[in-house]
Amino acid sequence: MQALAASSYSNCMNFKHYPNRSAKLTKEFAEQEFAKLNARVEQAEQSDSPSAWLDLYRDWNSFSAYYAGEASRIGYAHAADMANKEWDEADRYFREQVNPAVEAGNAKLLDAFLQSRHKDAIGKHYGPYLIQALETSVEPQAPVNSDLRVHATDLVDQYEKLTSAGEVTVGGKTMTLSRARGLQSHQNAATRKEAWLAYRKWFLDHHDVIAGIFNQLVLLRDEMGRNLGHENYIPLGYLSMRRTDYGQEQAKAFRDSVRQYAVPILARLNAEQAEALGTETLLPWDVAYHPAFSLPTGIVPVETQLDNAQHLFDELSPRLAAHFTRMRNEGLIDLENRKGKRPGAFATMMPDEERMAILCNSTGDEGDVGTLIHEMGHAFQGWESQKIEAVDLRWPTSDGAEIHSMGMEFLALPRLTWFFKPEDAKKYRRHHIHDVINLMCYISVVDEFQHWVYENPNVTPVERDKAWVRIWDTYIPGIDFRGVEDYKYARWYAQGHIFATPFYYIDYAIAQTAAMQLGMMNEEDHEKALATYLRLCEIGGTLGILNIFKAAGLRSPFDPATMRDLMDWAAKEVGVEEMAEAG
Ligand SMILES: [Zn+2]
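Residues numbered from 1 in each chain as written. Predicted model: local features only at pLDDT ≥ 70, side-chain atom pairs only at ≥ 80, totals over all residues.

**A few points about the overall build of the protein chain**
Step number 1: Broken down by element type, the protein chain carries 27 helices and five strands.
Step number 2: Taking 2.2 N^0.38 as the reference for a compact globule, 583 residues should give roughly 25 Å; the C-alpha atoms of the protein chain span a radius of gyration of 24 Å, in line with that estimate.
Step number 3: Each of the three principal axes of the protein chain carries a C-alpha extent, and together these read 75 × 55 × 45 Å.
Step number 4: Within the protein chain, the proportion of its 583 residues that are buried is 48%.
Step number 5: Contacts spanning at least 24 positions in sequence make up 76% of the contacts within the protein chain whose residues lie at least 6 apart. (Helix = DSSP H or I, 4+ residues; strand = E, 2+ residues; numbered from the N terminus. Rg over C-alpha atoms; globule rule 2.2 N^0.38 Å. Buried ≥ 20, exposed ≤ 12 C-beta atoms within 10 Å, placed from the backbone. Contact = placed C-beta atoms within 7 Å.)

Here it is, written out as structure tokens:
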């Protein structure tokens, strides 16, 4: 699919926000608009009525919608083809010129807003969480770190370009890293081993350059944190994730609950998998393949995926399916993997057009189905949240946003016969719940690793690799890396979040506790689960994470009993209890 073309938005009439705009959002235009907005502060402040401030906020919000829309359109086109010079230049201009101007303008207005005597009136209009959310954005936009932020985005761009251009050879064929990753779940033992080794070796071959990029990122971020009076980057990292409801202690307690309730199940699952494979121990290249439930590669040809998803969504919810139809019609789904496309998958919002787009790297394998449904879950929330007036509240913090994506994966489970034969759909379900347990543990590795990294910013790359291995071993039992020890730490170099969005990872695990609750609810009462899902979509980002759980009637992720009960349920689903009984 063609990415959104530049010309289609410069003269398009669809803008619900900021229709009076220049053909391209320039640094000068942003500066000029913020000068106008800031010039209105004094009069608004002097007025006894909050109406001038409300108008000012509305116009500021409108500009934010324009800015976020431009960022999304450029980011989406750049990700679709990282080698395209025109989009590369647009992306660079945006990061290096526009972002600093907008952040400077925002910082000034934000300061005035948070000190305003009319602040509460605006909070009353948009909901009190707006003020909390805006308070978290003060430090991440602090002018003192403006240059460092630009430098950090350049480094992330370098990392993404390198991995999106990465190629390896498997079975005599040259392929992208995404494709080689897909082959790691191949039914043929020799193929998956070759793919696994080639994929990880690529990261070892590029170890020094990627470790160098990361080292610079860590030092930059550490400096940013200290510039704001923190001991290290971590508090600023939490604020950059807009966290209002929990800190490092709760995150640690959460990981402890994973260690207590999920890790023992994973140990049993890994032992059982080795047995099913007929090997003495579980070998790392076999992890992504389970003879009892992995489906053959190429089982869902890419060209069939959108039609099958359409049937599934039509059956699940006509209201949500209408969004999917519209995205297909308007070219807002970029599905297939190709060289030069940024690895991974994401959903993005263009609030000025009130539209959503998604990008995947589908290769025809079973994992594509979950990814497409996951990204559509984000898109559904995005479409449903367009009626929220404050742009800052349309997109929840990522621990809230991943509820919609992972929750949709659970709601879709009983309808996967649109993609698979009934017996394969059953296998998929088993595989999904196995993966959820696995992911809880892996996420904890990534989260604990990142805390360690920013607590110890001045260590060497080798020490970082050692820390990864040490933390890995506490959460991931029973995978035998003997003979390929270096390939163990190669894993974290492939985890883009660690580079691009520090501390964004435990969010998946927190959200998963809500998604699993939706899955359990769906088994007992489908209508109730769907209504809860729609309610979550409507809430969007208008509440902090714990209030999102509360408003949807879900148990808190930070209560260890929640993790215990969810893991009990998952253990039953994947048959760990019978394993225990059978000894
Ligand atoms: Zn997601």
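**Points about unusual backbone geometry**
Step number 1: Despite not being glycine, Glu354 has its phi angle at roughly 55°, a positive value.
Step number 2: Secondary-structure assignment places Glu354 in the loop between strand E4 (346-350) and strand E5 (355-362).
Step number 3: Judged by the 19 C-beta atoms lying within 10 Å of it, Glu354 falls in the partly exposed class.
Step number 4: Located in the positive-phi region is Phe503, a residue other than glycine, with phi close to 75°.
Step number 5: As for its placement among the helices and strands, Phe503 is situated in the loop between helix H22 (496-500) and helix H23 (506-524).
Step number 6: Residue Phe503 is classed as buried on the basis of its 25 C-beta neighbours within 10 Å.

**Here's the deal with the nonpolar core**
Proteins that are soluble and globular tend to have nonpolar side chains buried together.
Step number 1: Among the nonpolar cores identified, the biggest contains 150 residues, and Ala262, Ile437, Cys441 and Val445 are the most heavily contacted of them.
Step number 2: Considering every element that reaches this core, the biggest residue donor is helix H4 (residues 51-80), with 15 residues. (Core = buried A, V, L, I, M, F, W, Y, C linked by C-beta atoms within 7 Å.)

**Let's talk about the sheet that holds E4**
Step number 1: Reading across from one edge, E3-E5-E4 is the order of the three strands in this open sheet, with mixed pairing throughout. Where the open sheet ends on each side, the last strands, each with one partner, are strand E3 (333-336) and E4. Adjacent strand axes in the sheet meet at a mean angle of 10°, parallel and antiparallel pairs treated alike.
Step number 2: Both E4 and E5 contribute to a ladder of five bridges, which runs antiparallel. What sits directly across from Met350, in E5, is Arg355. (Pairing = 2+ DSSP bridges. Axes fitted to C-alpha atoms, helices over the stretch in contact; angles between N-to-C directions.)

**Some thoughts on the environment of Gln495**
Step number 1: Among the secondary structure elements, Gln495 is positioned in the loop between helix H21 (486-493) and H22.
Step number 2: Counting along the chain gives 345 residues from Gln495 to Val150, while the straight-line C-alpha distance between them is 21 Å.

**Regarding the confidence of the model for the protein chain**
Step number 1: In the predicted model, the protein chain carries a mean pLDDT of 94, and 96% of its residues have values of at least 70.
Step number 2: Per-residue pLDDT stays below 50 along residues 1-13; that stretch engages in 16 contacts with residues further than four places along the chain or on separate chains. (pLDDT = per-residue confidence, 0-100.)

**A word on the packing of H23 against helix H26 (residues 560-573)**
Step number 1: At a minimum axis distance of 11 Å, the contact between H23 and H26 shows a crossing angle of 50°. With respect to each other, H23 and H26 are oriented oblique. Here the hand of the crossing between H23 and H26 comes out left-handed. Contacts from Thr513, Met516 and Met520 in H23 reach Thr562, Met563, Leu566 and Trp569 in H26.
Step number 2: Of the residues contributing to the contact of H23 with H26, the split by class is five nonpolar, two polar and no charged. (Parallel < 35°, antiparallel > 145°, perpendicular 65-115°, else oblique. Left-handed = near helix turned anticlockwise from the far one by under 90°. Nonpolar A, V, L, I, M, F, W, Y, C, P; charged D, E, K, R; others polar.)

**Observations concerning the packing of helix H18 (residues 398-412) against helix H24 (residues 526-539)**
Step number 1: Two elements in contact, H18 and H24, have axes separated by 11 Å at closest approach and are oriented at 160°. Judged by the inter-axis angle, H18 sits roughly antiparallel to H24. In the packing of H18 onto H24, the handedness of the crossing is left-handed. Of H24, the residues touching H18 (which contributes Ile403, His404, Gly407 and Leu411) are Ala529, Leu530, Tyr533, Leu536 and Cys537.
Step number 2: Of the residues in the contact of H18 with H24, the class split is seven nonpolar, two polar and no charged.

**A look at helix H17 (residues 366-384)**
Every α-helix winds through 3.6 residues per turn, so residues three or four apart in the chain are directed the same way.
Step number 1: Spanning 19 residues, H17 covers 28 Å between terminal C-alpha atoms, matching the ideal 27 Å at 1.5 Å per step.
Step number 2: Of all 19 residues making up H17, 18 are buried, and the element is well covered by its neighbours. (Expected span 1.5 Å × (residues − 1).)

**Section: H21**
Step number 1: Inspection of H21 places Tyr489, Ala490, Trp492 and Tyr493 among the buried residues, and these make up the whole buried set. Buried residues of H21, viewed axially, fall in a sector of 150°; they line one side.
Step number 2: Those residues of H21 that are buried are in contact with helix H10 (189-205), helix H11 (207-227), helix H19 (422-455), helix H20 (461-475) and H22. (Arc of directions from axis to C-beta.)

**Topic: the pairing of strand E1 (residues 167-170)**
Step number 1: Every second residue of E1 is oriented toward a common face, the buried set being Val168 and Val170 and the non-buried set Glu167 and Thr169.
Step number 2: As paired elements, E1 and strand E2 (residues 173-176) share four bridges and run antiparallel to each other. Bridge pairing in E2 links Val168 to Met175.
Step number 3: Linking E1 to E2, which pair antiparallel, is a turn of two residues; within it Gly171 sits at a positive phi near 60°.

**With respect to the environment of Lys193**
Step number 1: Of note, Lys193 is situated in helix H10.
Step number 2: Once the C-alpha coordinates of Lys193 and Asp286 are considered, the two residues, 93 residues apart in sequence, prove to be 7.2 Å apart.

**Brief notes about the environment of Ala253**
Step number 1: Structurally, Ala253 is set in helix H13 (residues 248-261).
Step number 2: Of the residues examined, Ala253 has 13 C-beta atoms within 10 Å and is grouped as partly exposed.
Step number 3: Spatially, the C-alpha atom of Ala253 lies 9.3 Å from that of Asp559, the residues being 306 residues apart in sequence.

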